[in-house]
Amino acid sequence: GAGVSQTPSNKVTEKGKYVELRCDPISGHTALYWYRQSLGQGPEFLIYFQGTGAADDSGLPNDRFFAVRPEGSVSTLKIQRTERGDSAVYLCASSFQPADTQYFGPGTRLTVL
Amino acid sequence: SQQGEEDPQALSIQEGENATMNCSYKTSINNLQWYRQNSGRGLVHLILIRSNEREKHSGRLRVTLDTSKKSSSLLITASRAADTASYFCATALGSNYKLTFGKGTLLTVNP
């Protein structure tokens, strides 16, 4: 079946704008994760969903960041009042159960001008 | 903060040679996974080794885990130019298995 998909693949926005990044996990995967990767670094955890609920949002940098997964499948990461420091690749991953292999999507490259 | 640290940061070898990358971590883990990334996008899962396992193989890949030393190694045998990529180790912590990545090893395989 299809892997994890993310849209858009690239997003350029201006400082202060609002953006939404979408993730479609592998069908049947209950666990969904968002990570952020800055240039030259490894991915850093943002938030984890088990089903519809955000079970761990300890990695969200501040209250400008919010994510939802209303039906337990597709998830949207929302960033308000974007700042230049938010520029990064945002990666989504899913797994059948939390203890299983996490499969990553291709990421969304966000550039804040 | 990043729990895993890969060593070396960069490695350049000739095609056909073996490549060994190491990963050290700080706290107890549930499992450790190795990923490959080309051109800063698209993390590809290579292998998962659980905390009660010591060695796993997958094709040309061999991963070892030493929980007493909190370290893991990834061996790629008979390397190919297509193996050129960044390699990351990621440790799964806690009850939600969120991954903590190192900064990666940049492997260059010269034809």
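This text follows the structure it describes.
Residues numbered from 1 in each chain as written. Chains lettered and ligands numbered in written order. Predicted model: local features only at pLDDT ≥ 70, side-chain atom pairs only at ≥ 80, totals over all residues. Heavy atoms only, no water.

1. Details of the interface of chain A and chain B
Test applied: Any two residues whose heavy atoms approach within 4.5 Å at even a single point are treated as in contact. Buried area: the sum, over both parts, of the accessible surface (1.4 Å probe) that disappears when the two are put together. A pairing counts as a salt bridge when a side-chain nitrogen of Lys or Arg comes within 4 Å of a carboxyl oxygen of Asp or Glu. Think of a polar contact as two N or O atoms within 3.5 Å of one another; within protein, one of them needs to be a possible hydrogen donor and the other a possible acceptor, and neighboring residues in sequence only count if both atoms come from side chains. Note on conventions: DSSP H or I runs of at least 4 residues are helices, E runs of at least 2 residues are strands, and numbering of each starts at the N terminus. Three classes are used: nonpolar for Ala, Val, Leu, Ile, Met, Phe, Trp, Tyr, Cys and Pro, charged for Asp, Glu, Lys and Arg, and polar for all others, with Gly counted as polar.
Taken residue by residue, the interface counts 27 residues in chain A and 22 residues in chain B. Summing the contributions of chain A and of chain B, the shared interface buries around 1,800 Å²; its carbon and sulfur component is 47%. The largest contributions to the chain A side of the interface with chain B come from Pro43, Ala99 and Phe104 of chain A, which together make up 23% of the buried area. At the junction of chain A with chain B, the criterion picks out 1 salt bridge. One salt bridge connects Lys98 of chain B with Asp56 of chain A, and the closest N-O pair in it is separated by 3.5 Å. Where chain A packs against chain B, one counts 7 residue pairs in polar contact (both at pLDDT 80 or more). For the side of chain A that touches chain B, the secondary-structure elements that each account for two or more residues are β4 (31-37), β5 (44-50), β9 (88-95) and β11 (108-112) of chain A. Across the side of chain A that touches chain B, the residue classes break down as 11 nonpolar, 12 polar and 4 charged.

2. Examining the state of the cysteines
As a reminder of what qualifies: Only a pair of cysteine sulfur atoms within 2.5 Å counts as a disulfide in this structure description. Relative accessibility decides the category of a residue: with a 1.4 Å probe and only protein chains considered, values under 20% of the type maximum give buried, values over 50% give exposed, and everything between is partly exposed.
Scanning the entire structure with this criterion turns up 2 disulfides over all chains. The disulfide partner of Cys23 of chain A is Cys92 of chain A, and the gap between their sulfur atoms is 1.9 Å. Residues Cys23 of chain A and Cys92 of chain A are joined through a disulfide that is left-handed, its torsion about the S-S bond being -65°. Here Cys92 of chain A lies in strand β9 and Cys23 of chain A lies in strand β3 (residues 19-24), a separation of 69 residues in the sequence. Of the two residues, Cys23 of chain A and Cys92 of chain A, neither departs from the other in class, the shared state being buried. Across a sulfur-sulfur distance of 2.0 Å, Cys23 of chain B and Cys89 of chain B are joined as a disulfide pair.

3. Quick look at the sheet that holds strand β3 (residues 19-24) of chain B
The strands making up a sheet are joined through hydrogen bonds of the backbone, oriented either antiparallel or parallel. Residue and element names in this part refer to chain B. Just so we agree on the cut-off: For two strands to count as paired, DSSP must find a minimum of two bridges between them. Between N-to-C directions, angles cover 0 to 180 degrees, with each direction set by a line fitted to C-alpha atoms, over the stretch in contact for helices.
With antiparallel pairing, the 5 strands of this open sheet are ordered in space as β1-β3-β8-β7-β6. Lying at the two open borders of the sheet, with one neighbouring strand each, are β1 (5-7) and β6 (55-58). The mean angle between the axes of side-by-side strands here comes to 15°, regardless of whether they run parallel or antiparallel. Both β3 and strand β8 (residues 71-76) contribute to a ladder of 6 bridges, which runs antiparallel. Pairing of Cys23 across the sheet is with Ser72, part of β8.

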